[in-house]
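Chain and residue survey
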Amino acid sequence: MIKEFIGTGKTVEEATAAAKAGLNAPALADINVDIISLPKKKMLGLFGGKDAQVKVWYEDGRKEKKPQQKKDVQKRADRKADKKPQPKKEAVKKEAPKKSAPKAEAPKAEENVKITEADVDISVAVNYLKNMISGLNIDDAEVTGAVADGVLQMEINCEDYGIIIGRRGETLDALQYLTSLAVKKSSDKYVRVTIDVGNYREKRMETLRNLARKNANYVLKTGRRYTFEPMNPYERRIIHTTVQEIDGVESLSVGYGQDRKVMLQSTNGGRNNYRRSSASGTPAKNTAPKSDRADLPKFGKIEVKKD
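Notes on the structure in this doc start here. Since this is a predicted model, take the numbers as computed values, not measurements. Residue indices follow the written sequence of each chain, beginning from 1 at its first position. Note on the predicted model: pLDDT of at least 70 is required for a residue's local features to be given, and 80 or more for side-chain atom pairs to be given and counted; whole-chain, interface and lining totals, by contrast, use all residues. Each side-chain value is worked out from all heavy atoms of the structure, with water and hydrogens disregarded.

1. Topic: the pattern of salt bridges
What counts as a salt bridge is simple: a side-chain nitrogen of Lys or Arg found within 4 Å of a carboxyl oxygen of Asp or Glu. This model, assessed by the stated rule, comprises 6 salt bridges. Here Arg167 makes a salt bridge to Glu170, at a shortest N to O gap of 3.5 Å. Each residue gets one of three labels from its accessible area relative to the maximum for its type: buried under 20%, exposed over 50%, partly exposed in between, using a 1.4 Å probe on protein chains only. The partly exposed category is assigned to Glu170, whose relative accessible area is 47%. Across the pair Asp173 and Arg201 runs a salt bridge, and its minimum N-O distance is 3.0 Å. Highlighted residues: Asp173 in helix H5 (residues 170-187) and Arg201 in helix H6 (residues 200-222), separated in sequence by 28 residues. When its relative accessible area of 22% is taken as the criterion, Asp173 is described as partly exposed. To qualify as a helix, a DSSP run of H or I must reach at least 4 residues; to qualify as a strand, a run of E must reach at least 2; elements of each kind are numbered from the N terminus.

As structure tokens, this is what we get:
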């Protein structure tokens, strides 16, 4: 059986002496010494530093006693349980499975149900929108609302409506979204809400249609793709419907989330081959057949004097 002890000290000798003292070996024992780590000096006499560590050990010639194995109590218990007489099993009658009653079909939701003024509290929507507009430091705004074709159409009248519209209608779209949430909460129904100010919606629609036609012509002429800036779903729908009326160009929605945009591309599969006319500044190439130009001299007509 091996007995050992680890001692520490400022030097290896001190660590060895401390380890032997702690080991307390017999005088005739063959002591072995193993150096674990050497001492390290402190930096600037203040920081770091480490004592030496030494392990001393010897064998006393005795065999190490192995711990007695514990008897498996669980196996004995299982054997005793198997010897006990088991009670006779009583016959169990199987009952026939009960038939479940047919479930009543859920009523189908009515399709294409239009919202009427009786379904919407317009005063809630008007007051909610007024409170948001007052937060934009606009006090002279008048808000009206009416239900037409199942849509709650709201109109804002004020002098300075540029703040309400925002950059490319972002503020107006935000007001419209928040108002629709308030209306849905008060009526417990989905109600489509549109908000307009200064006839902005109609003007924006016409601008987008003109942009769609202009850039569709660019794609037809050059064969190159054109990508619009990110737009909301309503504006992207205007671009798609306008491009559908133009042959040779198709529109696709690309991107994700707020960065989703419309891309126009040619349906010809590549750049269109077109030729500039001489009126554009580039002269047209000579298309005369080679047979007509074969007899012409390279440097013009040369006259030869006859003697």
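2. Details of a negative patch on the surface
A grouping of Asp139, Asp140, Glu142, Glu159 and Asp160 is seen on the molecular surface, where their side chains present a negatively charged patch. Within the element layout of this structure, Asp139 appears in the loop between helix H3 (122-134) and strand S6 (142-148). Surface patches are drawn from residues lacking salt bridges whose relative accessible area is over 30%; two like charges belong together within 9 Å, two nonpolar side chains (Val, Leu, Ile, Met, Phe, Trp, Tyr) within 5 Å. Using a 1.4 Å probe, the Shrake-Rupley method yields the accessible areas, and only the shown protein chains count as cover for residues. A residue counts as positive if it is Lys or Arg and as negative if it is Asp or Glu; His and the chain ends are not included. Just so you know, the charge point we use is NZ for Lys, CZ for Arg, CG for Asp and CD for Glu.

3. Some thoughts on unusual backbone geometry
With the exception of glycine, most residues fall at negative phi, and the peptide bonds are largely trans. A positive phi angle, near 55 degrees, is found at Asp149, a position not held by glycine. With respect to the helices and strands, Asp149 occurs in the loop between S6 and strand S7 (151-157). Judged by its relative accessible area of 68%, Asp149 is exposed. Here Arg168, not a glycine, exhibits a phi torsion of approximately 55 degrees, which is positive. Locating Arg168 in the fold gives a position in the loop between helix H4 (162-165) and H5.

4. Topic: the sheet that holds strand S9 (residues 226-227)
Any two strands with at least two DSSP-identified bridges between them are counted as paired. The strand order across the open sheet formed by 3 strands is S9-S11-S10, and the pairing between neighbours is antiparallel. At either margin of the open sheet sits one strand with a lone partner, and together these are S9 and strand S10 (249-254). The pairing of S10 with strand S11 (residues 261-266) spans 6 bridges and is classified as antiparallel. The residue bridging Leu252 from the neighbouring strand is Met263, located in S11. Contact definition: two residues touch when any of their heavy atoms are within 4.5 Å. Only the contacting stretch of a helix is used when fitting its axis, a line to C-alpha atoms as for every element, and angles between N-to-C directions run 0 to 180 degrees. Sheet strands touched by H6: S9, S10 and S11. Its angle to S11, the strand with the most contacts, is close to 35 degrees.

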